[in-house]
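# Understanding the architecture of this molecule
Letter by letter, the chains look like this.
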Amino acid sequence: MDSYSKSILRVAVITLCLMPLGLTGCKASGHDSPNATQPPLTSTAASAPPQAAEDAPPPEKSGGFDGKRAFAHVAKQVSFGPRPSGSQSIMQLRDYLQSELKSYGCTVETDAFTADTPVGRLPMKNILVKIPGEKPGVTLLGTHYDTLLMENFVGADDGGSSTAVMLELARMLCPQHGKYAVWIAFFDGEEAMKHWSDTDSRYGSRQMAARLSISGDIKKIKAFLLADIVGGRKAQFLRESSSTPALVDLVWNTAAKLGYAAIFRNDATSAEDDHDSFLKRSVPAVDVIGDFLNNGYWHTPQDALDKISPKTLAIVGHVFLESVKQLQSK
Ligand SMILES: [Zn+2]
């Protein structure tokens, strides 16, 4: 076996999940954690530049997706401060999301619920944009908009970036009517409150999947494309192994065709995330997630605006737009 195959194999056996570093219950084996020595708990948000260090490509080069607008959405979210579920700041963010979505002409549904968590009962709310289609069948896109419960953690990349991408996609897609419906979910409560587990994590996506099961609408979902941690300046995306292989192929082939093969790599990884809530209910799903274990700031207060690239946001937005087009042509 050559070293290339070995490295693929090594990466393939890693089990990752989205939980605060230093807590037990979730393994990241086979890797030396880059965060073994954690930086001090200071916020870099206050000193982060309001402008990005690098420019986005002009929208016409990314299918109309505007990386600059997406970056501004990340900056806005960060300006609210830490946004864990149940906080005042996540309520401010929710108002912002809803007013933006309404200004794009989107049809918006919300679902307020109470989650029993290890830190008590917390009010949460999912937001669901519904863009109608001509034929039965739904393409679901999704992000989580809450941030990790940690002092000085503003989640520019983890929570902020994918939410910004989904806002910009909503701006583009809400005025259109495709062959199939497109729904865009903004989940509350993805992050664990204490220790990542099936009961302490993914509160919002579990709630939405359960509700859609009760109504029967979950059967209409042909594909679920999830984005998480998609804005890093040096972001790399690896094929997530629990995701539905045909959907991983669709997204990665689309990325390669658009010239992004160096960023959407063919190595494998494994991550627990909001797609699991739908996979467990037999919905085909793919998690497009940055290689967070190697970004050096995941689940630390260094996950601030200075880590975010409008160019990466534009690339991910472009890949999602083209993947939706591919799904619409089936
Ligand atoms: Zn996280």
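In what follows, the accompanying structure is described.

Each value, and the rule that gives it
Residues numbered from 1 in each chain as written. Predicted model: local features only at pLDDT ≥ 70, side-chain atom pairs only at ≥ 80, totals over all residues. Heavy atoms only, no water. Phe/Tyr/Trp six-rings, centres within 6.5 Å; stacked < 30°, edge-to-face > 60°. Buried < 20%, exposed > 50% of the residue type's maximum accessible area, 1.4 Å probe, protein only. Lys NZ or Arg CZ within 6 Å of the ring centre and 35° of its normal. Donors = N, O, S within 2.8 Å, 3.2 Å for Na, K, Ca; no water. Helix = DSSP H or I, 4+ residues; strand = E, 2+ residues; numbered from the N terminus. Salt bridge = Lys/Arg side-chain N within 4 Å of Asp/Glu carboxyl O.

### Digging into the packing of aromatic side chains
Across all of its chains, the model carries 7 aromatic pairs by this definition. A ring pair is formed by F292 and W298, whose centres lie 4.7 Å apart and whose planes are at 55 degrees; its orientation type is tilted. Here W298 falls in the buried class, since its relative accessible area comes to 2%. The ring of W183 carries K130 above its face, with NZ or CZ at 4.5 Å from the centroid. Seen from the ring of Y203, R206 lies directly overhead, with NZ or CZ sitting 5.1 Å from the centre.

### Quick look at the coordination of the zinc ion
In this structure, D158 (OD), E191 (OE) and H299 (NE2) serve as the protein donors to the zinc ion, at separations of 1.9 to 2.1 Å. When the donor residues of the zinc ion are listed from N- to C-terminus, their spacing reads D-x32-E-x107-H. With D158 in helix 4 (residues 156-173) and E191 in the loop between strand 5 (178-187) and helix 5 (203-215), the pair connects residues that are 33 residues apart, well separated along the chain. Relative accessible area serves as the criterion here: at 0%, D158 is assigned to the buried category.

### A closer look at the pattern of salt bridges
When their charged atoms lie close together, side chains carrying opposite charge are able to pair. Scanning the model with the defined rule gives 13 salt bridges in all. D116 is the partner of R121 in a salt bridge, and the nearest nitrogen-oxygen pair spans 3.1 Å. A salt bridge links K307 to D306; the shortest N-O distance between them is 3.0 Å. Owing to a relative accessible area of 27%, D306 belongs among the partly exposed residues under this scheme. Residues joined by salt bridges that share partners form a network here, namely R69, E168 and R171.

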